[in-house]
Amino acid sequence: MDIIKVDAIDSTNTFLRELNRQKQFDGTVCVMAREQLAGKGQMGTVWQSKPGKNLTCSVFMIVEGIELVEQFFISIATSLAVCDALKDLMVTKLSIKWPNDILSDRQKICGILIENVVKNGSLIGAIIGIGINVNQLEFDNLPQAGSLKKILGKNLDIEEVLHVLLSKLENRFSQLVVSNFSVLKKEYESLLFRKNKPSTFLRAEGGSFVGIIRSITNEGKLQVLLEDEIITSFDLKEIRLLY
Ligand code: BTN
């Protein structure tokens with residue numbers, strides 16, 4: 001596997017997408033940056049990470065045999081791979097906050113940003129951006145952010161974290177075939193943060209409601225039990241879980 005290490009770039013996702021545009025990759029390629037000048041988070045947010053303190057990387061993975069409507073399974077495989085890696089690094093109380101934030105207890109220690117690579121209407125690859133907070137202890141204005149150092153009480157070698165992660169990603173992507181979808185989905189759901197617990201959600205249009213997370217749909221919508229035993233599916237733009 002090719003691993004490219006850079007000092008400072010805007011965003012590893014953008015860098016890898018541009019590189020793939022110039023010369024289409026035929027295997028896994030990873031880029032890690034010591035510093036991102038314009039790190040991208042979900043829904044147009046900014047990903048903050050102190051230079052040299054954390055793992056900020058993107059991995060191009062070949063995707064075959066998956067329809068665009070099934071793309072959430074890439075997110076499932078990635079979330080499970082990150083949890084596998086963190087478990088190997090002795091991080092406990094892991095959960096997945098839908099759709100793909102990785103928490104230890106209630107602290108967010110990893111964010112994932114996946115960009116699909118589509119050719120002639122078919123999914124051919126994915127650029128998987130992963131930010132794992134490793135050795136950073138202070139996060140400005142992010143009270144729910146945590147890091148491996150905050151949890152384990154010691155510094156970790158960022159490249160070692162990368163190698164564990166890459167091996168788990170390869171492993172989970174090798175399981176990414178339609179016949180395994182229901183098993184992967186069950187495993188993902190078993191790790192869902194606040195599953196089966198009454199939780200408060202904010203609606204994008206304003207207002208809040210209480211519901212219980214039950215499962216996800218194959219398209220990656222969150223299924224929430226509302227009052228009167230009604231289960232409603234929400235997508236990421238519609239709600240935010242308060243915790
Ligand atoms: C989130 O908002 O939780 C997703 C954050 C994803 C951050 C990673 S860091 C490496 C890669 N490059 C980016 O610009 N973003 C992702």
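Asks: What is the right way to read the overall build of the protein from this model?
Replies: Secondary structure summary: the protein contains 5 helices and 12 strands in total. Over its C-alpha trace the protein gives a radius of gyration of 18 Å, about what one expects of a compact globule, namely 18 Å for 243 residues. For the protein, the spread of C-alpha atoms along the three principal axes comes to 55 × 45 × 35 Å. The burial tally for the protein puts 49% of its 243 residues in the buried class.

Asks: Whenever I open this one, unusual backbone geometry confuses me. Can you help?
Replies: The bulk of non-glycine residues show a negative phi, and the bulk of peptide bonds are trans. With an omega of 0 degrees, the peptide bond between Trp98 and Pro99 qualifies as cis. Tracing the sequence through the fold places Pro99 in the loop between strand S4 (94-97) and strand S5 (101-104). Despite not being glycine, Asn196 shows a phi value in the positive range, around 65 degrees. Note on placement: Asn196 falls in the loop between helix H5 (181-190) and strand S8 (198-203). Taking relative accessible area as the criterion, Asn196 reaches 44% and is therefore assigned partly exposed. Within the chain, Asp228 stands out as a residue other than glycine whose phi angle is a positive 65 degrees. Position of Asp228 relative to the elements: it lies in the loop between strand S10 (222-226) and strand S11 (230-234).

Asks: Please explain the packing of helix H2 (residues 72-88) against H5 as it appears in this structure.
Replies: The geometry of a pair of packed helices is captured by two quantities: the angle between their axes and the separation between those axes. Contact pair H2 / H5: the axes reach a minimum separation of 10 Å and the direction vectors enclose 55 degrees. The orientation of H2 relative to H5 falls into the category oblique. Here H2 and H5 pass one another in a crossing that is left-handed. Within the contact between the two elements, H2 uses Phe72, Phe73, Ile76, Ser79 and Leu80 and H5 uses Phe181, Leu184, Lys185, Glu187 and Tyr188. Considering only residue class, the contact of H2 with H5 consists of 7 nonpolar, 1 polar and 2 charged.

Asks: Quick question: what am I supposed to make of the packing of aromatic side chains here?
Replies: Remark: the centre distance and the inter-plane angle together describe each pair of aromatic rings, the angle taken between the planes. Scanning the entire structure with this criterion turns up 6 aromatic pairs. Between Phe72 and Tyr188, the ring centres sit 5.7 Å apart and the planes meet at 85 degrees, which makes this aromatic pair edge-to-face. Taken together, the residues Phe72 in helix H2 and Tyr188 in helix H5 connect sequence positions 116 residues apart. Among the residues examined, Phe72 registers a relative accessible area of 10% and is labelled buried. For Tyr188, a relative accessible area of 0% corresponds to the buried category. Ring centres of Phe73 and Phe181 lie 3.8 Å apart, and the angle between their planes is 5 degrees; on these two criteria the pair is classed as stacked.

Asks: Looking at this structure, I do not really get the sheet that holds strand S1 (residues 2-9). What am I missing?
Replies: What links the strands of a sheet is backbone hydrogen bonding, and the strands pair in either a parallel or an antiparallel sense. Judged by pairing direction, the sheet is mixed, and its 7 strands sit side by side in the order S1-S2-S3-S7-S6-S5-S4 without closing on themselves. One side of each edge strand has no neighbouring strand; the edge strands of this open sheet are S1 and S4. Geometrically, the sheet is characterised by an average inter-axis angle of 20 degrees between neighbouring strands, direction not taken into account. By the bridge criterion, 5 bridges tie strand S2 (residues 29-36) to strand S3 (residues 55-62) in an arrangement that is antiparallel. Residue pairing across strands places Ala33 opposite Thr56, the latter belonging to S3.

What counts, and where the lines are drawn
- Residues numbered from 1 in each chain as written.
- Predicted model: local features only at pLDDT ≥ 70, side-chain atom pairs only at ≥ 80, totals over all residues.
- Heavy atoms only, no water.
- Helix = DSSP H or I, 4+ residues; strand = E, 2+ residues; numbered from the N terminus.
- Rg over C-alpha atoms; globule rule 2.2 N^0.38 Å.
- Buried < 20%, exposed > 50% of the residue type's maximum accessible area, 1.4 Å probe, protein only.
- Axes fitted to C-alpha atoms, helices over the stretch in contact; angles between N-to-C directions.
- Parallel < 35°, antiparallel > 145°, perpendicular 65-115°, else oblique.
- Left-handed = near helix turned anticlockwise from the far one by under 90°.
- Contact = heavy atoms within 4.5 Å.
- Nonpolar A, V, L, I, M, F, W, Y, C, P; charged D, E, K, R; others polar.
- Phe/Tyr/Trp six-rings, centres within 6.5 Å; stacked < 30°, edge-to-face > 60°.
- Pairing = 2+ DSSP bridges.

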